[in-house]
Amino acid sequence: METLWLAPALVCYALSAAIFIVGRVARISRASGWATLMLGAGAVFHAFDLATRGLQAGNIPVTNFAQALSFLAWLTALAGMILIVRLQMAAIGGYIAAAVALALGASTIIMKGGRIVLPATLQSVWLPIHVTLAILGYSMFVLAASVSLVYLAYESRLKAKRPLGPPSERLPSLEKLDRINYSLLGWGFALLSLAIVTGAIWADATWGHFWSWEPVESWSLAIWILYAGLLESRLTVGWRGRRAAALTIVVFVVLVGSFVGVSLIYPGKHGGSFG
Amino acid sequence: MEQTLFILGLNHRTAAVAVRERLAYADNDIAPALVRFREHTPSITEAAILSTCNRVEIIGVAADCERALADAAEFIAADRAVALEAFSGALYRLSGREAARHLFRVGASLDSMMVGEPQILGQVKLAYANAAEAGTVGLVLHRAFHKGFSVAKRIRKATLIGHGTVSVSAAAVALAGQIFDSLKDKTVMLMGAGKMAELTARQLRAIGIESLIITSRTFDHTVALARALGGTAVPFDNYKPYLKIADVVIGSVAVTRPVIALDEFETIIKERRYKPIFLIDLGVPRNFDERMNSLENVYLYDIDDLAQVVHKTRAEREREAAKAEAIVELELEAFWRWMNGLDLVPTIKDIRYSIDRLRDLEMGRHRGWLSALEPAERERVEGLTRGLTNKLLHRILQGLRTSGANTPEGAYAAEVARKLLCGEISAASADLEALGEGPGADDDQEEDEF
């Protein structure tokens, strides 16, 4: 199912990523402002796309993996813009815009045609709550991984005695990046916890049992445990800075692997085949 | 004889500080001094005094520059009660184009001790304000200073002349800012009390660090410095526990080997729970083992690393200065055309536009009966009005071109003519209005126009 909003959204996201990256390489101080604007424009087109689909489905448009991916891209773009504008984190803009463009692009490619009708059993108020919490949580992890990539890049420059990046921009300090990474992980973890809890409640109401050990559930639990460990290590032994950033990226890679792998290879309930 | 710019002065290159400090004016004294200067020196029509730590200059306008330069030197010697012979050799005497170039270069921080430092523009603005207060600014200085401001602004915008850090202590402070978000809640530890360590600590203090711990071999000295900087003195044989809480450690102790062993420091890092620490090693021989830099969340910069950062900045600034000089030359050309009164073209354009518009308005008002006329008659009426305005225009332009062309008087005349005939209307602003942008949409341009 194509909407006419998808192409402009995708173009804006891709342009945003290109402007962020070119601006950084060519040291154009104004570029990040334009790139952020582009990201915003993309999010607006994207919102129309999601709204159109939502109206057709009569509920939040997340009935299969492709749609969930599109929704994730949108939430990441929104949360990323807040981060870029409110916390002056233009440094992560390139990663965010690229991730959003890639996610939406992938979603468009694998999007199956036709209208997906949700079984009546799943038409519930829990659907938007559970799904939004989960996907918002994942978007926090996307942002945390982006911040961590920036952290690692800056940290290695400082260690190598090549500090003071492009003089025309204000770079965030390592401390700030680490702090933002920590709070993004905290938010992501809290949202994921809530998503698991609401999912369990919903499952119990629909099928009569909280937990069925299907792949997405198992992997979500595994990822929940990994993030819990990541947060715990910071609080107890003080793993922060470089090590925390590296681990954030590792866990995120696992997350992406499970999200993509499980959803494509063994969709289950979460993948859109509601058996 | 024609009026032109002159500058008499001395700066950090030509005179030692012992001379500069005796001639320097306090800010409040400048306006009264200018008033005295004007009273005592009839050869000068406009004047301003620029007085900073690095330079004392009289910038003026006179018809006879030789005479004015001599008078200015005598005035400053008498006014500051310093024998002229004591500083005469250090003086530079510039006139005409050279003086204008100098003024622009000073404002753009190209003549500063540290090229690109930002304070000088403010000081030049102050010099202008003081002269305006004393009433010694006329058309030429007004135009020259404002041109200078816009040149400086353009150079700031177009080049990277003001970027980067240019001293070792400033580089250390800038690096601290890349590691830590805010230094307000941080603790700095000063080991040893070398001059540069003290300077760095002062700079950190100035941007507002929370607490300062000082330790050095001589405890009396430590206590004195702690008092001066507002820190806590710690005996040198008991400083190690403080490494657990310090965020920035500045080392400048005289040692033969590192003050702390690598494995001992590793233990401290674990006890700190990997809280980032910035080690600034200003000691020679070095205070810290360079392998510490590879420990987690430890950032170690020694004196050479910092010098390299500074060196990079200076090299960058010098490259940028070349671009800035080119901008100065371009702007100087424009300014000099104006000084010579040759730049009548915009004025002439404005006057022509304004008179043509008057004619159009009049014709419009009489459109009623004009349209009732035969085409041939209407053309004759139009020809009559056009002839009239052309004659008028011709006479004005003729007058402008002959009356003191190539002099500031010519420029005066042009300004007066423009004011009388155009009011606020000018061809340029009308074009902008047509485009839907009011005049002054661009601040720079406005300043450039003066």
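Keep in mind it's a predicted model, so treat the numbers as computed, not measured. (Residues numbered from 1 in each chain as written. Chains lettered and ligands numbered in written order. Predicted model: local features only at pLDDT ≥ 70, side-chain atom pairs only at ≥ 80, totals over all residues.)

**Remarks on the overall build of chain A**
Note the cut-off: The secondary structure listing takes helices from DSSP runs of H or I that are at least 4 residues long and strands from runs of E that are at least 2 residues long, numbered from the N terminus. Residue burial is a threshold on neighbouring C-beta atoms within 10 Å of the residue's own C-beta, all placed from the backbone, with 20 or more meaning buried, 12 or fewer meaning exposed, and counts in between meaning partly exposed.
Of regular secondary structure, chain A possesses eight helices and zero strands. Along the chain direction, N to C, the helices and strands of chain A fall in the order α-α-α-α-α-α-α-α. For chain A, with 275 residues in total, the buried portion stands at 44%.

**A few points about the pairing of strand β1 (residues 4-11) of chain B**
All names here are of chain B. Convention followed: At least two bridges found by DSSP between two strands is the condition for calling them paired.
In terms of burial, β1 is a largely internal element, eight of the eight residues being buried. The alternating pattern of β1 places Thr4, Phe6, Leu8 and Leu10 and Leu5, Ile7, Gly9 and Asn11 on opposite faces, both of which are buried. Alignment of β1 against strand β3 (residues 55-62), held across eight bridges, turns out to be antiparallel. When the bridges of β3 are listed, Asn11 appears paired with Arg55.

**Observations regarding the interface of chain B and chain A**
Put simply, the test is: Two residues form a contact once the distance between their C-beta atoms, set from the backbone, is within 7 Å. Under the convention adopted here, Pro, Cys and the residues Ala, Val, Leu, Ile, Met, Phe, Trp and Tyr are nonpolar, Asp, Glu, Lys and Arg are charged, and Gly plus all remaining residues are polar.
Each partner contributes to the interface: chain B provides 21 residues, whereas chain A provides 18 residues. Within the residue set of the side of chain B that touches chain A, elements represented by two or more residues are α8 (168-179), β10 (298-302) and α12 (303-339) of chain B. With five residues, α8(B) is the largest single contributor of residues to the side of chain B that touches chain A. Here the side of chain B that touches chain A is built from residues that sort into ten nonpolar, seven polar and four charged.

**Structural notes on the environment of Arg156(B)**
Residues and elements named next belong to chain B. Here Arg156 is to be found in helix α7 (residues 139-158). Its 18 C-beta neighbours within 10 Å are what place Arg156 among the partly exposed residues. Arg156 sits 48 residues away from Ala108 along the chain, and the two C-alpha atoms are 7.8 Å apart.

**What to know about the nonpolar core**
Within soluble globular proteins, side chains that are nonpolar generally end up buried alongside one another. Selection criterion: For this entry, the nonpolar core is defined as buried Ala, Val, Leu, Ile, Met, Phe, Trp, Tyr and Cys residues connected by C-beta atoms within 7 Å.
Within the largest apolar cluster, 128 residues are counted, with the highest numbers of intra-cluster contacts made by Tyr13(A), Val100(A), Ala176(B), Val188(B), Leu190(B), Val249(B) and Ile250(B). For this core, the element with the highest residue contribution is helix α5 (residues 126-159) of chain A, accounting for 16 residues. Apart from the residues within four sequence positions on either side, Val100(A) is in contact with Tyr13(A), Ala73(A), Thr76(A) and Ala77(A). One finds Ala62(B), Val137(B), Val140(B) and Val328(B) within the second-largest nonpolar core, a separate group that totals 58 residues.

**Observations regarding the confidence of the model for chain B**
Residues and elements named next belong to chain B. Note the following rule: Confidence scores here are pLDDT values: one per residue, from the predictor, ranging 0 to 100.
Mean pLDDT over chain B: 84, with 90% of residues reaching 70 or higher. At the level of individual helices and strands, chain B shows its lowest average pLDDT in helix α18 (residues 443-449), which scores 30, and its highest in helix α5 (residues 97-107), which scores 95. In this model, residues 425-450 is a region of pLDDT below 50 whose contacts with residues beyond four sequence positions or in other chains number 23 contacts. Scored as a complex, the prediction yields pTM 0.67 and ipTM 0.83.

**A word on the sheet that holds β1(B)**
Residue and element names in this part refer to chain B. We count it as follows: Working convention: axes come from line fits to C-alpha atoms, limited for helices to the stretch in contact. Angles between N-to-C directions cover 0 to 180 degrees.
Pairing is antiparallel across the open sheet formed by four strands, whose spatial order is β2-β3-β1-β4. At either margin of the open sheet sits one strand with a lone partner, and together these are β2 (44-51) and β4 (92-95). Strand-to-strand twist of the sheet, defined as the mean angle between neighbouring strand axes without regard to direction, takes the value 15 degrees. Sheet strands in contact with helix α3 (residues 65-80) are β1, β2, β3 and β4, and its direction is about 35 degrees off that of β1.

**A few points about α7(B)**
Note the following rule: Here the expected length of a helix is defined as 1.5 Å per residue gap, with one fewer gap than residues.
The end-to-end C-alpha distance of α7(B) is 28 Å, a good match for the 28 Å that 20 residues give at a rise of 1.5 Å each. Residues Val140(B), Leu141(B), Arg143(B), Ala144(B), Phe145(B), Lys147(B), Gly148(B), Ser150(B), Val151(B), Ala152(B) and Ile155(B) constitute the buried set of α7(B).

**A closer look at the packing of helix α6 (residues 174-207) of chain A against helix α8 (residues 241-265) of chain A**
A pair of packed helices is characterised by two quantities: the angle between their axes and the separation of those axes. Residues and elements named next belong to chain A. Here is the rule we go by: Roughly parallel means an angle under 35 degrees; roughly antiparallel means over 145; roughly perpendicular covers 65 to 115; every other angle is labelled oblique. Two helices that cross are described as forming a left-handed crossing if the nearer one is turned anticlockwise from the farther one by less than a right angle, and a right-handed crossing if clockwise.
Between α6 and α8, whose axes approach to 10 Å, the crossing angle comes to 45 degrees. Between α6 and α8, the interaxial angle falls into the category oblique. The handedness of the crossing between α6 and α8 is left-handed. Touching Leu174, Asp178, Asn181 and Leu185 of α6 are Gly241, Ala244, Ala245 and Thr248, all from α8. Looking at the contact of α6 with α8, its residues break down into four nonpolar, three polar and one charged.

**Quick notes on the sheet that holds β10(B)**
All names here are of chain B. Across the sheet, six strands lie side by side as β7-β6-β5-β8-β9-β10; this open sheet has parallel pairing. Sheet topology places β7 (232-233) and β10 at the edges, where each strand pairs with a single neighbour. With four bridges joining them, strand β5 (residues 187-191) and strand β8 (residues 248-251) adopt parallel strand pairing. Note on β8: the bridge partner recorded for Val188 is Val248. Sitting on the sheet, helix α10 (residues 219-229) is in contact with β6 (211-215) and β7, with an inclination near 165 degrees to β6. Taken strand by strand, α12 contacts β9 (277-281) and β10, and its axis lies near 80 degrees from that of β10.

**With respect to the confidence of the model for chain A**
Here chain A averages 86 in pLDDT, and 89% of its residues register 70 or above. The secondary structure element of chain A with the lowest average pLDDT is α8(A), at 88, and the one with the highest is α6(A), at 93.

**Things to note about the pairing of β6(B)**
Residues and elements named next belong to chain B. Here is the rule we go by: Throughout, right-handed denotes a crossover for which the path from the first strand over the helix to the second runs clockwise when the strands point away from the viewer.
The element β6 is largely enclosed, with a buried count of four among its five residues. Two strands pair when backbone bridges link them, and β5 and β6 are joined in this way by five bridges, in the parallel orientation. Its bridge partner being in β6, Met189 is matched across the sheet by Ile213. Read as a crossover between parallel neighbours, the route from β5 over helix α9 (residues 195-206) to β6 is right-handed. Two strands pair when backbone bridges link them, and β6 and β7 are joined in this way by two bridges, in the parallel orientation. Each bridged residue has a counterpart across the sheet, and for Ile214 the counterpart in β7 is Ala233. With α10 bridging β6 and its parallel neighbour β7, the resulting β-α-β unit is right-handed.

**Some remarks on unusual backbone geometry**
With a phi close to 50 degrees, Gln88(A) is a non-glycine residue in the positive phi region. Here Gln88(A) is to be found in the loop between α3 (65-86) and α4 (93-110). Of note in the backbone geometry, Ser109(B) takes a positive phi value of approximately 65 degrees without being a glycine. Residue placement: Ser109(B) occurs in the loop between α5 and α6 (119-134). We classify Ser109(B) as buried; it has 25 C-beta atoms within 10 Å.

**Here we look at α8(B)**
All names here are of chain B. Its twelve residues place the ends of α8 17 Å apart at the C-alpha level, agreeing with the 16 Å of an ideal helix rising 1.5 Å per residue. With nine of its twelve residues buried, α8 lies for the most part within the structure. By the burial criterion, the buried members of α8 are Val168, Ser169, Ala171, Ala172, Val173, Leu175, Ala176, Gln178 and Ile179.

**Structural notes on the environment of Lys312(B)**
Residue placement: Lys312(B) occurs in helix α12. For the pair formed by Lys312(B) and Gly164(B), sequence separation is 148 residues and the distance between their alpha carbons is 8.5 Å.

**Some details on the packing of helix α2 (residues 31-57) of chain A against α3(A)**
Residue and element names in this part refer to chain A. Here α2 crosses α3 at 150 degrees, and the two axes come no closer than 10 Å. Between α2 and α3 lies a crossing whose hand is left-handed. Within the contact between the two elements, α2 uses Thr36, Leu39, Gly40, Gly42, Ala43, His46, Ala47 and Leu50 and α3 uses Phe71, Trp74, Ala77, Leu78, Met81, Ile84 and Val85. Broken down by class, the residue content of the contact of α2 with α3 amounts to eleven nonpolar, four polar and no charged.

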